[in-house]
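Understanding the architecture of this molecule
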Amino acid sequence: MAPLTDKLAACSVTQDALPMLEKARADGIATVWDRHAAQEPRCGYCDLGLSCRICAMGPCRIDPFGEGPQQGVCGADADIMVARNLGRMIAAGSASHSDHGRDLAETLLAVGEGKAPGYGIADEGKLRALARELGVAEAGRDALAVARDLAGEMLEEYGMRKGRLGFVGRMPPARVEAWKRLGVLPRGIDREVTEMMHRTHMGVDNDYVNILLHGFRTALSDGLGGSMIGTELSDVLFGVPVPTTSTVNLGVLKADQVNILLHGHNPVVSEMVARAAEDPELVALAEKVGAKGINLAGLCCTGNELLMRRGIPMAGNHLMTELVLVTGAVEMMIVDYQCIMPSTPQIAGCYHTKFVTTSPKAKFAGAAHREFSPENAQALAREVVREAVENFPRRKPGALEIPGQTVTQMSGFSVEAVLGALGGTPQPLIDAIVAGKVRGAVGVVGCNNPKVKHDHGHVTLTRRLIENDVLVLDTGCAAVANAKAGFKTPGAAELAGPGLRQVCKALGIPPVLHTGSCVDNTRILHLAGALAKALNVDTAALPLAGAAPEWYSEKAVAIAFYVVASGITTFLGVVPPILGSPNIVRLATEGLEDVVGAKFVVEPDPEKCADAIVAHLNGKRRALGLTV
């Protein structure tokens, strides 16, 4: 039998995870890896997408070997069953991102109406630029009046009756025409999600191709709708990110300070907490209880939001969210929503950590609930931070252990920052691609998944891509992994191939650009559209790719679908639950190329995946008449 340490080392490639896994074992705490092992053997029907519990005539399953049932009780075959399940994953992912975006629109409306004390317009220039883009009158008008009307326009995107979403105009005409031909031009966000749930009800849409086409439409309503609204309005309310330097990993926690962790995805709460933590009265209280200050650190995408705009250090990504509590150094974890494991309040309870929920949409058993709204956020944030400070003296003797030395990282590469680094136009990047200094660009995005060695997929793939002169833009958990690997300082240019190294040194940027949280994948989509427009080509013609080496969530499925719908081939490291339908597998991995100009590729080995991506980019370059 392998030693315990060897087994734990197989869980993660990160240096700060292993000591915390050992401490969790010693403290008698089960983590996500333990629960994953306890689920073995897994349900093969579910892995293949061949189980259905949509209606009460079932649950049903289809025998992939042809010896048992080949239809569910309703008569659904494997194609229909897999398509229904996949369609509902896309709808759930799109709904999650888009509901996040709605919260930003409602906050902007409250600001415009003077009902959100403490919030304001952080970037009036972007507010007015968005207003002009979406046809909202702004010239000569007060910023708050523009904010009210822009928020109304954004909320209209959810249930609108007009033809298409406003941000469709950011994509090149050839791509928009392709969507028109296919009948997938995204309309109202709520409409597309609702229609997918309707179509996949028993007895409605029983054509798997038709269901998956609507999957594209639903996902596009996320990528050019809810997610993009979330990104753009976060910039308006809290500022457009600019390159900033910070640190990452569990070493960002401080033994002699009050540590508050901010976890989830939406910056509306965390921004107010960040301001409260700077309150001189609360800082003085921290000193009074024996601490040397108040230390904020981020987790997951709320952490990415704070990192991008405030440079607040990042403690870790999805699979680190339990281990950070095992340090025994966290006074409070404040969460909003998405990707927060239900186990976290239980683990917090093993130490002195207070676990605070803030959204009416995301309550947890064992948590203290403090419901935030635009109206009460400023005052409530101070109360919550005060509770965290008062919790500092309750640390358990002997429980404290903070592993790891911090790693420096540069983040803050918004669309505006990227174009700014290029001199205000994408032309220098186009020139570098044409000259072959940059082979192409890849968005490495997505989650962690205990099926994959933690961060191994992200780090291995990214390292190999930059070695091959491929510029990487990343978000979410992938961005945290790449920062911990040291890919996000200008000095990391030395790890890149000669062409990319030269470009990065000339611009003073890392070879891996952190573009934000998972809703901020829309920044990458926006940049792709800008490149294609500058060249007057379709996005499908560009040497671009997407990659999600460790994805797990329904949101990731929605992202992958809107990226492929945009003509950008996407490489997945985790097999989606579609293998039960050979027809859908063929469509996803081959047939889509003729339909949308892109396809899905599944390659769990990140080394082989990097080779496949480089071959894909070379193919695009040859088609454009460029050297490879």
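This report concerns the structure included in the present document. Starting afresh in each chain, residues are numbered from 1 along the sequence in its written order. For a predicted model such as this one, the threshold for reporting local features is a pLDDT of at least 70, and the threshold for listing and counting side-chain atom pairs is 80 or more; totals across whole chains, interfaces and linings nevertheless cover every residue. Heavy atoms throughout the structure, all of them, feed into the side-chain values; hydrogens and water do not.

Quick look at the layout of surface pockets
In this analysis a 1.4 Å probe is tested at points of a 1 Å grid over the protein atoms alone, and where it fits but cannot get out there is a cavity; an open set with protein on both sides within 12 Å along at least five of seven lines is a pocket; lining residues have an atom within 4 Å of a point. Grid points are joined across faces, edges and corners, and a volume is the space filled by probe spheres set on the points. Considered as a void within the structure, the largest pocket measures approximately 1,200 Å³ in volume. Around the largest pocket, the lining is made up of 36 residues, and of these R42, C46, D47, M89 and K451 lie nearest the centre. Put simply, DSSP H or I for four residues or longer makes a helix, DSSP E for two residues or longer makes a strand, and each gets a number counted from the N terminus. If you list the elements that add at least two residues to the lining of the largest pocket, you get helix 3 (32–38), helix 4 (44–48), strand 1 (51–52) and helix 5 (78–112). At the level of secondary structure, the elements contributing two or more residues to the lining of the second largest pocket comprise helix 17 (415–421), helix 18 (427–435), strand 11 (440–444), strand 12 (470–475), helix 21 (498–507), helix 22 (521–535), strand 14 (544–548) and helix 23 (554–565). Polarity classes work like this: nonpolar for Ala, Val, Leu, Ile, Met, Phe, Trp, Tyr, Cys and Pro, charged for Asp, Glu, Lys and Arg, and polar for all others, with Gly in that last group. Here the residues of the lining of the second largest pocket sort into 37 nonpolar, 6 polar and 1 charged.

Structural notes on the pairing of strand 7 (residues 332–335)
Alternating residues of strand 7 divide into M332 and I334 and M333 and V335, and every residue in both groups is buried. A pair of strands is treated as paired once DSSP finds two or more bridges between them. As paired strands, strand 4 (residues 258–263) and strand 7 are joined by 4 bridges and run parallel to one another. By the bridge assignment, H263 is partnered in strand 7 with V335. In the sheet, strand 7 pairs with strand 8 (residues 354–357) via 4 bridges, with the strands oriented parallel. Within the sheet, the bridge partner assigned to M332 lies in strand 8 and is K354. Buried, partly exposed and exposed residues are distinguished by accessible area as a fraction of the type maximum, computed with a 1.4 Å probe on protein chains only: under 20%, between the cut-offs, and over 50%, respectively.

Structural notes on the packing of helix 6 (residues 124–133) against helix 10 (residues 208–238)
At their nearest, the axes of helix 6 and helix 10 sit 7 Å apart, and the two run at 140 degrees to each other. Our pair here, helix 6 against helix 10, has a crossing hand that is left-handed. Contacts between helix 6 and helix 10 involve K126, L127 and L130 from the former and E232, L233, D235 and V236 from the latter. For the contact of helix 6 with helix 10, the class distribution of residues is 4 nonpolar, no polar and 3 charged. Comment: axis = line fitted to C-alpha atoms, over the contacting stretch for helices; angle = value between 0 and 180 degrees taken between N-to-C directions. For any pair of crossing helices, the crossing counts as left-handed if the nearer helix is rotated counterclockwise from the farther one by less than a right angle, and right-handed if it is rotated clockwise. The contact definition used throughout considers only heavy atoms, calling two residues in contact when any of these lie within 4.5 Å.

A look at the nonpolar core
If you look at the biggest cluster of nonpolar residues, it comprises 159 residues, and the most contacted ones within it are L224, L233 and I613. Ranked by the residues each element gives to this core, the list is headed by helix 5, at 13 residues. Excluding residues within four positions of it along the chain, L224 makes contact with L165, F167, V168, M171, W179 and L525. The definition of a nonpolar core used throughout is a set of buried Ala, Val, Leu, Ile, Met, Phe, Trp, Tyr and Cys residues joined through side-chain atoms within 4.5 Å. By size, the runner-up hydrophobic cluster in this structure holds 36 residues, among which are V32, Y337, A348 and F364.

Quick look at the side chain of H458
Considering the arrangement of structural elements, one finds H458 in helix 19 (residues 456–467). There is a polar contact of 2.8 Å between the side chain of H458 and the backbone oxygen of C447. Beyond its immediate chain neighbours, meaning those up to four positions away, H458 contacts V444, V445, G446, C447, N448, C477, A478, A481, N482, P549 and E550. Whenever a nitrogen or oxygen atom comes within 3.5 Å of another N or O atom, the pair is scored as a polar contact, on the condition that within protein one atom can donate a hydrogen and the other can accept it, and that pairs from neighbouring residues in sequence are kept only if both atoms are in side chains.

Considerations on the sheet that holds strand 13 (residues 512–516)
As summarised here, the arrangement of the 6 strands in space is 13-12-11-14-15-16, forming an open sheet in which the pairing is parallel. Both outer strands of the open sheet, strand 13 and strand 16 (600–602), are each paired with one neighbouring strand and no more. Sheet twist, expressed as the average angle between the axes of neighbouring strands with direction ignored, equals 25 degrees. Pairing analysis gives 5 bridges linking strand 11 to strand 12, with the strands arranged parallel. Each bridged residue has a counterpart across the sheet, and for G443 the counterpart in strand 12 is L473. Against the sheet, helix 25 (residues 606–623) contacts strand 11, strand 12, strand 14 and strand 15 (570–572), and its axis sits at roughly 160 degrees relative to strand 14.

Quick notes on the packing of aromatic side chains
The description of an aromatic ring pair uses the distance of the two centres, along with the angle that the planes make with each other. Only centres within 6.5 Å qualify two rings of Phe, Tyr or Trp (six-membered ring in Trp) as a pair; their planes then separate them into stacked at under 30 degrees, edge-to-face at over 60, and tilted for everything else. Counted by the stated rule, this structure contains 4 aromatic pairs. Each ring, one from F216 and one from F561, has its centre 5.2 Å from the other, and the planes form 45 degrees; the classification is tilted. One end of the pair, F216, is in helix 10; the other, F561, is in helix 23, and 345 residues separate them in sequence. Judged by its relative accessible area of 7%, F561 falls in the buried class. Here F561 and F600 contribute two aromatic rings whose centre-to-centre distance is 5.1 Å and whose plane-to-plane angle is 45 degrees, an arrangement assigned as tilted. Pair noted here: F561 is in helix 23 and F600 is in strand 16, with a separation of 39 residues, a long-range link. F600 matches F561 in its accessibility class, with the two residues each being buried. Members of the aromatic cluster, joined through ring pairs, are F216, F561 and F600.

Some details on a nonpolar patch on the surface
Together, M57, V73 and M202 make up an exposed nonpolar region whose accessible area comes to about 260 Å². Residue placement: M202 occurs in the loop between helix 9 (189–199) and helix 10. Residue M202 is classed as partly exposed on the basis of its relative accessible area of 31%. What makes a patch is a set of residues exposed beyond 30% relative accessible area and free of salt bridges, joined within 9 Å when like-charged and within 5 Å when nonpolar (Val, Leu, Ile, Met, Phe, Trp, Tyr). With residues, only the protein chains shown are counted as cover, and all accessible areas are computed by Shrake-Rupley using a 1.4 Å probe. Salt bridge, as used here: a side-chain nitrogen of Lys or Arg that lies within 4 Å of a carboxyl oxygen of Asp or Glu.

Structural notes on empty space enclosed by the protein
Evaluation of the coordinates by the stated rule reveals 5 cavities of 30 Å³ or more. Here the largest cavity defines a volume of roughly 140 Å³. Lining the largest cavity are 19 residues, and of these H265, G446, C447, C518 and K555 lie nearest its centre. Those elements that provide at least two residues to the lining of the largest cavity are helix 13 (300–310), helix 20 (476–484) and helix 23. Here the lining of the largest cavity gets 3 residues from one element, more than from any other, and that element is helix 23. If you add up the space inside the second largest cavity, you get close to 70 Å³.

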